[in-house]
Protein chains: 6
Amino acid sequence: MNTWLQTKTWKEAKEAIEQSKGVAVLSIGSVEQHSYHLPVGTDSYVAIALAEEACQKTNALLVPPIWFGWSPHHMVLPGTITIKAETMIALTYDVIASLKHHGITKFVLINGHRIVNVIWMQLLGEKVQRELDVTVKIFDPAYMSKDIAASLGFGPVGHAEEAETSHMLYIHPELVHMELAKDNPIKEVPLYSVDPAYTHDTLCYVPSKYQSAEKNAKIAGGTTGEPTKASAEKGKIYHEHLMKHLITVIEELQGQ
Amino acid sequence: MNTWLQTKTWKEAKEAIEQSKGVAVLSIGSVEQHSYHLPVGTDSYVAIALAEEACQKTNALLVPPIWFGWSPHHMVLPGTITIKAETMIALTYDVIASLKHHGITKFVLINGHRIVNVIWMQLLGEKVQRELDVTVKIFDPAYMSKDIAASLGFGPVGHAEEAETSHMLYIHPELVHMELAKDNPIKEVPLYSVDPAYTHDTLCYVPSKYQSAEKNAKIAGGTTGEPTKASAEKGKIYHEHLMKHLITVIEELQGQ
Amino acid sequence: MNTWLQTKTWKEAKEAIEQSKGVAVLSIGSVEQHSYHLPVGTDSYVAIALAEEACQKTNALLVPPIWFGWSPHHMVLPGTITIKAETMIALTYDVIASLKHHGITKFVLINGHRIVNVIWMQLLGEKVQRELDVTVKIFDPAYMSKDIAASLGFGPVGHAEEAETSHMLYIHPELVHMELAKDNPIKEVPLYSVDPAYTHDTLCYVPSKYQSAEKNAKIAGGTTGEPTKASAEKGKIYHEHLMKHLITVIEELQGQ
Amino acid sequence: MNTWLQTKTWKEAKEAIEQSKGVAVLSIGSVEQHSYHLPVGTDSYVAIALAEEACQKTNALLVPPIWFGWSPHHMVLPGTITIKAETMIALTYDVIASLKHHGITKFVLINGHRIVNVIWMQLLGEKVQRELDVTVKIFDPAYMSKDIAASLGFGPVGHAEEAETSHMLYIHPELVHMELAKDNPIKEVPLYSVDPAYTHDTLCYVPSKYQSAEKNAKIAGGTTGEPTKASAEKGKIYHEHLMKHLITVIEELQGQ
Amino acid sequence: MNTWLQTKTWKEAKEAIEQSKGVAVLSIGSVEQHSYHLPVGTDSYVAIALAEEACQKTNALLVPPIWFGWSPHHMVLPGTITIKAETMIALTYDVIASLKHHGITKFVLINGHRIVNVIWMQLLGEKVQRELDVTVKIFDPAYMSKDIAASLGFGPVGHAEEAETSHMLYIHPELVHMELAKDNPIKEVPLYSVDPAYTHDTLCYVPSKYQSAEKNAKIAGGTTGEPTKASAEKGKIYHEHLMKHLITVIEELQGQ
Amino acid sequence: MNTWLQTKTWKEAKEAIEQSKGVAVLSIGSVEQHSYHLPVGTDSYVAIALAEEACQKTNALLVPPIWFGWSPHHMVLPGTITIKAETMIALTYDVIASLKHHGITKFVLINGHRIVNVIWMQLLGEKVQRELDVTVKIFDPAYMSKDIAASLGFGPVGHAEEAETSHMLYIHPELVHMELAKDNPIKEVPLYSVDPAYTHDTLCYVPSKYQSAEKNAKIAGGTTGEPTKASAEKGKIYHEHLMKHLITVIEELQGQ
């Protein structure tokens, strides 16, 4: 059974690298406010849970997690830690370059922090592909659950909403305080949406300014969406949907 | 009639800034291969045409164009010029900081280069919003034409495809060589699409590696999509759809 | 007839590169105050006019213009946009590196912004010559008109003065407001001159501090020199003098 | 009972920050070869174990761990991940700046990676103290166990030696493979030692060159020292010695 | 008698700063080949001699010398040390920022290395004037001796030529090997000269490429010009000419 | 007799490099307050004296001195100049890279500024060893005098204390003002010492915050230690102890 790299001696690590067929999985989330009912580590827990299970099933190399992400727009609420996009790129670059040195050439970045981390991951991806001659795939739950979200009755992607809450109820029920969840239903704003499944005309996402994040935090403690509709059952279906895709992505890379 | 900043004396510039109600429009494209039938400046021409008309109609400040963009994946074909994402951020930052000094506080970035420039523009947007206390909107034709694309019979967003070709046929027919257009229909790839209107599960975009771009260039000269279906009439409808939205965005900012 | 790269398809670009005998011409100016009578884009218009004509006559590659320059000392007047010297270096570096990739090895930088852009162009020139193994020539109208300036009755190089105004009257009369021109004759300052033709002892140029630029702007709207002495006839002679030299420089590079 | 920040909602985080009396504890280690018998995550496990226990006892804020460190000299063996010193500084800077924003002003960096991480931590410490007006203490087990090491019969500080192995036997026996431990006794080299307790003349530490690290790796799998002398009992005494000091350091900061 | 800052206690330094009337003098040269007859430190010796004497006569603060300069084009000959322009800027910036902290607000940079150091000094000058609100003057012997050079029978400014050699014969005769001096008379090249006193049309200076510097080194050991025409008498007149101007510049700053 | 590189022609430099057996010596100190009785250049004078004598005795290459160091914590007293650690790294990097180009592959950095410069020198050392394939040794008087300090009756390493003062009395008596020396005996602080010979548990060094440096400056003018116990005789013994080791280090490198 494959498990975290940090638990292995270098001989075990060597063997794990050989069995990985050249594929490593990085889990990257954030430490940022997730309203009244979810822990600040939610995005990281999501990425870690996906990475851990997928690596066990595929023997891809399970790299120590990067707990932090780029969260400038959530600094209005305590506990949020934001790492500059440039720093996230530099950090992940060094992790990838080190593993390349040991023979890993294909990387799946599991992003628990959605649209915000995706931005710097795209820059990073281009950079390492060009400079280190590796292959990078960005696996993001919000982009990978368009097909299932509607059928689960999830509204648009927001923050600490029904999808994230359901997922956490399934993978870490002990960290969810459903009794504190407060809804903040998403009203359609003309020409603007952050939901990757949105089918209408839209401007592109730019992280909110501090002032507007501040205003939003007061409405429902940081929620955008309807977490009270969440359930562990939906979370399980959602998780399995993602896992199926994740394994496909990893196995395809392993076959290259 | 409002026109380009570079043509004005500083007294005229002063007046133009006052009449702009604090809004400037930047047109940013790319110089990159656009297959056999479109000029390498296509993305810039698109951005410029939108900016020019919208500023005439709204009195927003029309800033000298930035002809270049981030195009690492198109360097396989001659004439492409790629500016590093970091450099594009630095350049646009300085333009915005200079105009902030003169009283402009709201910026619309018109991106003629779609999904690739959007990445660094998002980083830039966050940075200037936080550091310079300005407001930034990213206006991208591919994201702003989801509602109209299907009704025009356009296939998915690709490169030098029916949408881009139609638009150029409308705004710069003298630069389009329809007789050289060659189709390269988009085949659906499991778990992957660059079309912002795509409604199925997908990995996130990372610019192609050089090798795979090289392979693609040989198929149809750099086209992804079906340019032979393009027409100036469709281009006109497409352009007017975008213009309507662009004016709405500018006027909303002017009203803030 | 050779023309701008941005108008060409990549096949045309390929051909243009072949015909250029390895030489590309970049036009770089500024967007900065040019007193009451000249547009803020003056420096760029000057560079562009020289580049355009010279490329038509020599088949050197005509690269899309860089409208912006380094103008920290002119920010006191509205409409000025200043790009940091480091950013200008980075931007021009990427343009040169891209074209080197496609086979261009010799570059003429036409600087419409005189003594200020020359500084960063020298750093850039050394850098690309060393790192990319290309050859760079900096062509600056003020340095290239020493032999003709006196015979035209031009006073020392200043700002928006008789040389610049005459040149603009010849190349863009529609953008010159002679009726607003106001003289600010250049008084000799002991041990200091910015005129490259100055034959006496002098300290080296450092861009003015904001405060002193502010003071100067009040005297004659930003003019240093005597624009009222300008004429299109002088501008034509001045332009042809520069053009003759520019063609010589390009053809010499083409012959290497 | 205090626990990891990532498990808390922002309201709980807020409360934890208030109860911390302004002190946060960061655990920073490395992912690097630790010979045949210890896991590559050893340095991080050490830092984490100290941080976790100390925060429970003092209510200092327990920040998500940074698993990675600066390990250029251990890249010769598989599984090692090295992050550039500049990147480690940038990352830790952002963590500290974020927490400063929420009211934390005193930081204890627990360094499980000894003499190598200490270098960049010193640069970081000066930087954040000056720029962010916070207080930083670097707590390093090798520097904090000089008084106890000799009495436990430990030889000089090396790598994967008796101190580290004993400590791991106490805190993570399940990750130690004592049967694989191989000794590589430390021979005194004239004018050179990396042991902070060394009392003789010495040059200062510079991380080994790749070639010499390669040679060393072959001798005893990466060990420098005598791990076979390790025991969980010694590890317990060693750990409690460190814990006593760590609590003193934290409480002193809390009292300031 | 005023002397070097490094010899003073901080109380003496404090007094020296008070007596300087806010003016400090930095001497910056280079360590680069100066042909067969002059030491590699020539440029620094020149700057130091000027700085030392002028500070004694004006009480300006005499800052420890910066021996190194930017000399990429002289690396072909042994003993040359080149510091990147960016590094020279960073170093001099920190010196100026430190002295600003202690009350110095006006800086004379004496450049013994002529046209090459001038480039980065101009960038530096603008930067510190803007960011630190200080005043910077660049005093360069080649620019400050146009009025005297011809009357002394000096040819154009070159390298290790009659001006430099004469100056060294006056200030450091013990370091000059006249018996080894070899002439390499300067032939006029169309449209190109590095002499600031040159009155004809010219391209702007860019440091030579390595290959062309290599070729030049073989002709006369690195000389450009006619050092055999040098004499200590001419050196004395040249030095006194510079000194008179330097004192004027310093005293003017002291009076502001 | 070997002497400073700057005094040599390039032919002499060439010869000196050949005779150096590949070893160069850099002297790096600081310009910072050294209390009432020692000059601000003390650290540099110490490094220079050691370098000069050792190079005469071993023929190692004597590189022009770097007068400045990293001294953020001494800016409270006038005359101190602090160069950022990053800048010191960049500067020394370029010196080493230049000399590598001419055939020097081994470098001894003599650090007159103790524990503070050591930090950035370690980062630099790793960087140049890895990137330029050279060997670096950091020779620091405080680390190299542990064996002799006690026997000379010196107390712990502080600042401007008996060791430094004795050394200066021996090498530069004309710059020492013993009549102004004021003691500030070092009191042991629990869990903290900057003395590399300290044998008890300690936190690691971080340069003091400005405020605490300010407080310290008031006690005894910046002294930490007991300079009144200094003597030239002790300084001579101390110097010769260091010299013996320094020659050993250089000769060992020359033999490699």
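Residues numbered from 1 in each chain as written. Chains lettered and ligands numbered in written order. Predicted model: local features only at pLDDT ≥ 70, side-chain atom pairs only at ≥ 80, totals over all residues. Heavy atoms only, no water.

## Topic: the overall build of chain A
Counting its regular elements, chain A contains eight helices and four strands. For chain A, the succession of helices and strands along the chain, N to C, is α-β-α-β-α-β-α-β-α-α-α-α. For a compact globule of 256 residues, the expected C-alpha radius of gyration is about 18 Å, and chain A comes in at 18 Å, within 12% of that figure. Along the first, second and third principal axes, the C-alpha atoms of chain A reach 50 × 35 × 35 Å. Each of the 256 residues in chain A was classed as buried or not, and the buried ones make up 69%. Summed over all atoms, the accessible surface of chain A reaches about 8,300 Å², with 54% contributed by carbon and sulfur. Here chain A contributes 22 positive and 29 negative side-chain charges, whose respective centroids are spaced 3 Å apart. (Helix = DSSP H or I, 4+ residues; strand = E, 2+ residues; numbered from the N terminus. Rg over C-alpha atoms; globule rule 2.2 N^0.38 Å. Buried < 20%, exposed > 50% of the residue type's maximum accessible area, 1.4 Å probe, protein only. Areas by Shrake-Rupley, 256 points an atom, 1.4 Å probe, with all protein chains shown as cover. Lys, Arg positive; Asp, Glu negative; His and termini not counted. Charge placed at Lys NZ, Arg CZ, Asp CG, Glu CD.)

## Describing the relation of the copies chain B and chain C
Mapping chain B onto chain C is achieved by rotating through 180° and translating by 0.0 Å along the same axis, at an RMSD of 0.0 Å. Considering both components of the superposition, the chain copies are consistent with a two-fold axis. Minimal C-alpha separation from the rotation axis in chain B is found for B:T87, amounting to 3.3 Å. Looking at the interface residues of chain B, 100% of them are also at the interface in chain C, so both copies use one shared face. (Least-squares fit on C-alpha atoms with pLDDT ≥ 70 in both. Contact = heavy atoms within 4.5 Å.)

## So, the interface of chain B and chain C
Every contact between the two is made by 49 residues of chain B and, on the other side, 49 residues of chain C. Taking both partners together, chain B and chain C bury about 4,000 Å²; carbon and sulfur atoms supply 70% of that area. For chain B, the biggest contributors to the area lost against chain C are B:Q6, B:W10 and B:P78; these three give 17% of the whole. Put simply, chain B and chain C have 18 residue pairs in polar contact (both at pLDDT 80 or more) between them. Where the side of chain B that touches chain C is concerned, the elements lending two or more residues are α1 (10-19) and α3 (85-101) of chain B. Top element by residues in the side of chain B that touches chain C is α3(B). It accounts for eight residues. A breakdown of the residues in the side of chain B that touches chain C according to their chemical character gives 27 nonpolar, 16 polar and six charged. (Buried area = accessible area lost by both parts, 1.4 Å probe. Polar contact = N/O pair within 3.5 Å; in protein donor to acceptor, adjacent residues only side chain to side chain. Nonpolar A, V, L, I, M, F, W, Y, C, P; charged D, E, K, R; others polar.)

## Some remarks on the packing of aromatic side chains
Residue and element names in this part refer to chain B. Per the stated rule, a full pass over the model turns up 18 aromatic pairs over all chains. Aromatic side chains Y45 and W67 sit 5.3 Å apart centroid to centroid with 80° between the ring planes, which places their arrangement in the edge-to-face category. Linking Y45 in helix α2 (residues 42-58) with W67 in the loop between β2 (61-62) and α3, this pair joins segments that are 22 residues apart in sequence. With relative accessibility at 10%, the residue Y45 sits in the buried group. (Phe/Tyr/Trp six-rings, centres within 6.5 Å; stacked < 30°, edge-to-face > 60°.)

## Structural notes on the pattern of salt bridges
Here the structure, examined in full by the defined rule, presents 59 salt bridges over all chains. Between D:E126 and D:R130 there is a salt bridge, with the nearest N and O atoms lying 2.8 Å from each other. Here D:R130 and D:E126 lie together in helix α4 (residues 115-132), a separation of four residues that amounts to about one turn. F:D94 is the salt-bridge partner of E:K84, the closest N and O atoms lying 2.7 Å from each other. One end of the pair, E:K84, is in the loop between β2 (61-62) and α3 (85-101); the other, F:D94, is in helix α3 (residues 85-101), on a second chain. Via salt bridges that share partners, A:E126, A:K127, A:R130 and A:E131 belong to a single interconnected network. (Salt bridge = Lys/Arg side-chain N within 4 Å of Asp/Glu carboxyl O.)

## Some thoughts on the sheet that holds strand β3 (residues 106-111) of chain C
All names here are of chain C. The four strands are arranged β2-β1-β3-β4 in an open sheet whose pairing can be described as parallel. Each having just a single partner strand, β2 (61-62) and β4 (135-139) make up the two edges of the open sheet. Two strands pair when backbone bridges link them, and strand β1 (residues 23-28) and β2 are joined in this way by two bridges, in the parallel orientation. Bridged to V25 within β2 is L62. Along the sheet face, helix α2 (residues 42-58) touches β1, β2 and β3 and points at about 160° away from the line of β1. (Pairing = 2+ DSSP bridges. Axes fitted to C-alpha atoms, helices over the stretch in contact; angles between N-to-C directions.)

## Things to note about unusual backbone geometry
Of note in the backbone geometry, C:D133 takes a positive phi value of approximately 55° without being a glycine. Relative to the elements of secondary structure, C:D133 occurs in the loop between α4 (115-132) and β4.

## So, the packing of helix α6 (residues 162-171) of chain A against helix α8 (residues 232-255) of chain A
Residue and element names in this part refer to chain A. It is the contact of α6 with α8, at a shortest axis distance of 7 Å, that shows an interaxial angle of 90°. With respect to each other, α6 and α8 are oriented roughly perpendicular. Here α6 contributes A163, S166, H167, L169, Y170 and I171 to the contact with α8, which in turn contributes A232, K234, G235, K236, Y238, H239, E240 and L242. Taken together, the residues that form the contact of α6 with α8 break down as seven nonpolar, four polar and three charged. (Parallel < 35°, antiparallel > 145°, perpendicular 65-115°, else oblique.)

## Considerations on the interface of chain D and chain A
The interface is formed by 49 residues belonging to chain D together with 49 residues belonging to chain A. Note on chain D versus chain A: buried area summed over both sides is about 4,100 Å², and carbon and sulfur give 70% of it. Counting the surface chain D buries against chain A, the share from its top three residues, D:Q6, D:W10 and D:P78, is 17%. Counting across the interface, chain D meets chain A through two salt bridges.

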